[in-house]
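The lines below spell out each chain.
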Amino acid sequence: MDHASDAAAAVESAVESLLAVLDTARLAQSPAIPPTQLRVLTIIERATDDTNMSRLAEALDVVPSSASRLCDRLEATGLLRRVPDPRDRREVRLLLTPAAKRLLDELRAARQAALAAVLERMTASSRNDLVRALSAFDTAAARGLGDKDAGLRTA
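Please read these numbers as outputs of a predicted model, since none were measured by experiment. (Residues numbered from 1 in each chain as written. Predicted model: local features only at pLDDT ≥ 70, side-chain atom pairs only at ≥ 80, totals over all residues. Heavy atoms only, no water.)

Trainee: Describe in detail the overall build of the chain, supporting the description with residues and values.
Mentor: Helix and strand content of the chain: six helices and two strands. In the chain, the succession of α and β elements from N to C terminus is α-α-α-α-β-β-α-α. Taken along its principal axes, the extent of the C-alpha atoms in the chain is 55 × 35 × 20 Å. Considering the chain as a whole, with its 155 residues, one finds that 25% of them fall into the buried category. In the chain, the proportion of contacts linking residues at least 24 apart, taken out of those at least 6 apart, comes to 49%. Summed over all atoms, the accessible surface of the chain reaches about 10200 Å², with 55% contributed by carbon and sulfur. Taken as two groups, the 22 positive and 22 negative side-chain charges of the chain have centres that lie 6 Å from each other. (Helix = DSSP H or I, 4+ residues; strand = E, 2+ residues; numbered from the N terminus. Buried < 20%, exposed > 50% of the residue type's maximum accessible area, 1.4 Å probe, protein only. Contact = heavy atoms within 4.5 Å. Areas by Shrake-Rupley, 256 points an atom, 1.4 Å probe, with all protein chains shown as cover. Lys, Arg positive; Asp, Glu negative; His and termini not counted. Charge placed at Lys NZ, Arg CZ, Asp CG, Glu CD.)

In structure tokens:
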């Protein structure tokens, strides 16, 4: 495959298969959480500093009111807590509940098991080639996204 467009078509096809495997694992979880809400939980989990509504809205590339409605739903299901920021009472920090942490851990385990089942059907050599190629892709994508969008590479 000498042309980037041919490689792009092959990658797109593989990504469709990958997404199907991951989505099947997500839907098998109880409760099944919508992808956008899962993304919110993952962003909050991976935040290196305290996450507030404006940071979340920026990471999601939505207006703060949309981020707030997502948080309303997550809070209603017991997966998110909003607490006043002790440094600035006007700010609200977003925290995962223990239930959300369990859900994310269980989902990760289910996804890894589903991926392992597919990877076991590949030869060891093909698996190694895949890991090398994905690592190279990840590095190239990170260079293209830059630091600003690093938080978007989630869930």
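Trainee: Go over unusual backbone geometry with me, naming the residues and quoting the values.
Mentor: Phi at Asp 61 is positive, roughly 60°, even though this residue is not glycine. For Asp 61, the location among the structural elements is in the loop between helix H3 (53-60) and helix H4 (64-76). In this structure Asp 61 comes out as exposed when scored by relative accessible area, which is 69%.

Trainee: Tell me what's going on with the nonpolar core, and back it up with residues and numbers.
Mentor: Residues Ile 33, Val 40, Leu 41, Leu 56, Leu 74 and Leu 94 are the most contacted members of the largest nonpolar core, which totals 23 residues. Listed by contribution, the elements that provide at least two residues to this core are helix H2 (35-46), H3, H4, strand S2 (88-96) and helix H5 (98-119). In this view, Leu 41 contacts Ile 33, Leu 74, Leu 79, Leu 96, Ala 100, Leu 103 and Leu 104; residues no more than four positions away in its chain are not counted. (Core = buried A, V, L, I, M, F, W, Y, C linked by side-chain atoms within 4.5 Å.)

Trainee: Describe a nonpolar patch on the surface, naming the residues involved and giving the relevant values.
Mentor: Among the surface-exposed residues, Val 11, Val 15, Leu 19 and Phe 137 lie close enough to one another that they form a single nonpolar patch of about 350 Å² accessible area. Mapping Leu 19 onto the fold places it in helix H1 (residues 4-28). (Patch = residues over 30% accessible without salt bridge, like charges linked within 9 Å, V, L, I, M, F, W, Y side chains within 5 Å. Salt bridge = Lys/Arg side-chain N within 4 Å of Asp/Glu carboxyl O.)

Trainee: An account of the pattern of salt bridges is needed here, citing residue identities and associated values.
Mentor: Per the counting criterion, the structure on display carries eight salt bridges. Arg 108 is paired through a salt bridge with Glu 45; the nearest N and O atoms lie 2.4 Å apart. Within this pair, whereas Arg 108 is found in helix H5, its partner Glu 45 is found in helix H2, the two being separated by 63 residues in sequence. Classification of Arg 108 by relative accessible area gives partly exposed; the value is 29%. Given the relative accessible area of 30%, Glu 45 is considered partly exposed.

Trainee: Report on the confidence of the model for the chain, specifying residues and quantitative values.
Mentor: On average, residues of the chain score 88 in pLDDT, and 92% of them are at 70 or above. This stretch, residues 147-155, has a pLDDT under 50; its non-local contacts, to residues over four places away or in other chains, come to 17 contacts. (pLDDT = per-residue confidence, 0-100.)

Trainee: Describe the packing of H3 against H4, and please don't skip the residues or the numbers.
Mentor: Look at H3 against H4: their axes get within 8 Å of each other, and the N-to-C directions meet at 105°. With respect to H4, the element H3 is oriented roughly perpendicular. Residue-level contacts link Met 53, Leu 56, Ala 57 and Leu 60 of H3 to Pro 64, Ala 67, Ser 68, Leu 70 and Cys 71 of H4. Among the residues forming the contact of H3 with H4, the class breakdown is eight nonpolar, one polar and no charged. (Axes fitted to C-alpha atoms, helices over the stretch in contact; angles between N-to-C directions. Parallel < 35°, antiparallel > 145°, perpendicular 65-115°, else oblique. Nonpolar A, V, L, I, M, F, W, Y, C, P; charged D, E, K, R; others polar.)

Trainee: Any chance you could break down the environment of Met 122 for me, citing the residues and the numbers?
Mentor: Tracing the chain through its elements places Met 122 in the loop between H5 and helix H6 (124-145). Leaving out residues up to four positions away in the same chain, Met 122 has contacts with Arg 127 and Leu 130.

Trainee: Summarise the environment of Pro 31; cite the residues concerned and give the values.
Mentor: Tracing the backbone through its elements, the reader meets Pro 31 in the loop between H1 and H2. Pro 31 gets classed as exposed once you look at its relative accessible area, which sits at 52%. Taking the C-alpha atoms as reference, Pro 31 lies 9.9 Å from Thr 77; in sequence the two are 46 residues apart.

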